[in-house]
Amino acid sequence: MDELAKYNKERWEELAQADVQYSRPFLSLDETTARQVVDPHGFLGEITGKQVLCLAGGGGQQSAAFALLGAQVTVLDISETQLQRDQQAAQHYHLTITTEQGDMRDLSRFADNSFDVVWHAHSINFVPTTQPVFDGVARVLKPGGFYHLSFHNPFTQGVDDAKWNGIGYPLNQPYVDGAEIMLEEVFNNPDWEVIDQQGVVRRIKGPREFRHTLSTLLNGLIQRGFVLRHFAEETSRDPTPTPGSWEHYKLVVAPYLSLWATYQPTE
């Protein structure tokens, strides 16, 4: 584990222990709502018996949904606390979920062609280059397997959603692939705001984050034999949000993007 991984692991341990929303296991799912969590567009078909890797996706959310649908689920995450939430969900539903602590850039513990689905949670922006991640995913996915990837919109990453100036949200960082997002240069307080389930607000220093340009992401997948099946943008569903609010920000820009691809190697 290199210095970046150690640093981000420490940050995620504190965030998870502070009850950040991504660490709250989904404990009220049934088969219908589980399908909405992991397969709202119906790409996967029958999931029972499929081998699924939730990559850098601890927290007891997607892992629980896949397990309820009958998949054999493995979770790889850098944070032991996040993985404990997956085991909490497994115990709640009386299911089995395998948890592995590790870095998303190193999938060497898994055999070639061992998964039908790799669900990659919103985490690739915590590593400076996509290359080792995409190489690993391509190796462990079976031909014809599905890869779901969620990531920050690289065009708006680093924009302060609280700095509405009456005209727009200032965009002021260079669009450079692999560049670290220096939040202290954008936000007055670069810490993450965590609101626990009792409504208590805490500010906690977040992990290091990096920009990956859209061309790097898409071409990186294409070069490895992935075929894009679906692309989605997260925007506000509120047509008249208050200017300067998070929903208004999402009405102006799409902060989060995701895609589905199938692995179809040519060789």
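On a predicted model such as this, the values are computed, not experimentally measured, just so you know.

**A look at the pattern of salt bridges**
Opposite charge on two side chains permits pairing when their charged atoms draw close.
Here is step 1: In this structure the tally under the stated criterion is 15 salt bridges.
Here is step 2: A salt bridge links Lys6 to Glu3; the nearest nitrogen and oxygen atoms lie 3.7 Å apart. Here Lys6 and its partner Glu3 are both found in helix H1 (residues 3-17), three residues apart, which amounts to about one turn of the helix.
Here is step 3: Note that Glu14 and Arg11 form a salt bridge whose closest N and O atoms lie 2.3 Å from each other. Within this pair, Glu14 and its partner Arg11 are both found in helix H1, separated by three residues, close to a single helical turn.
Here is step 4: For Glu14, a relative accessible area of 32% corresponds to the partly exposed category.
Here is step 5: Taken together, the salt bridges that share partners define one network made up of Asp2, Asp103 and Arg105.

**Observations regarding the nonpolar core**
Here is step 1: In this structure, Leu55, Val118, Val133, Val137, Tyr147, Leu149 and Phe226 are the most contacted members of the largest nonpolar core, which totals 28 residues.
Here is step 2: Going through the elements one at a time, strand E1 (51-55), strand E4 (115-120), helix H5 (131-140), strand E5 (141-152), helix H6 (214-223) and strand E9 (256-263) are the ones with two or more residues in this core.
Here is step 3: Contact partners of Phe226, with chain neighbours within four places excluded, come to Val137, Ala138, Leu141, Tyr147, Leu221, Ala261, Thr262 and Tyr263.
Here is step 4: Judged by nonpolar contacts, the second largest core, of 25 residues, contains Ala34, Ala65, Trp119 and Phe146.

What counts and what doesn't
- Here the residue numbers are simple positions, counted from 1 along each chain's written sequence.
- Local features in a predicted model are, by the rule used here, given only for residues with pLDDT of at least 70; side-chain atom pairs are given and counted only at 80 or more, and totals for whole chains, interfaces and linings are based on all residues.
- Excluded from the side-chain calculation are hydrogens and water; included are all heavy atoms of the structure.
- Salt bridges are defined as contacts in which a side-chain nitrogen from Lys or Arg sits within 4 Å of a carboxyl oxygen from Asp or Glu.
- Helix numbers and strand numbers start at the N terminus; a helix is a DSSP run of H or I with at least 4 residues, a strand a run of E with at least 2.
- Only protein chains enter the accessibility calculation, which uses a 1.4 Å probe; a residue whose area is less than 20% of its type maximum is buried, one above 50% is exposed, and one in between is partly exposed.
- Among buried residues, the Ala, Val, Leu, Ile, Met, Phe, Trp, Tyr and Cys ones that are joined through side-chain atoms within 4.5 Å form a nonpolar core.
- Residue contacts are counted whenever heavy atoms from the two residues lie within 4.5 Å of one another.

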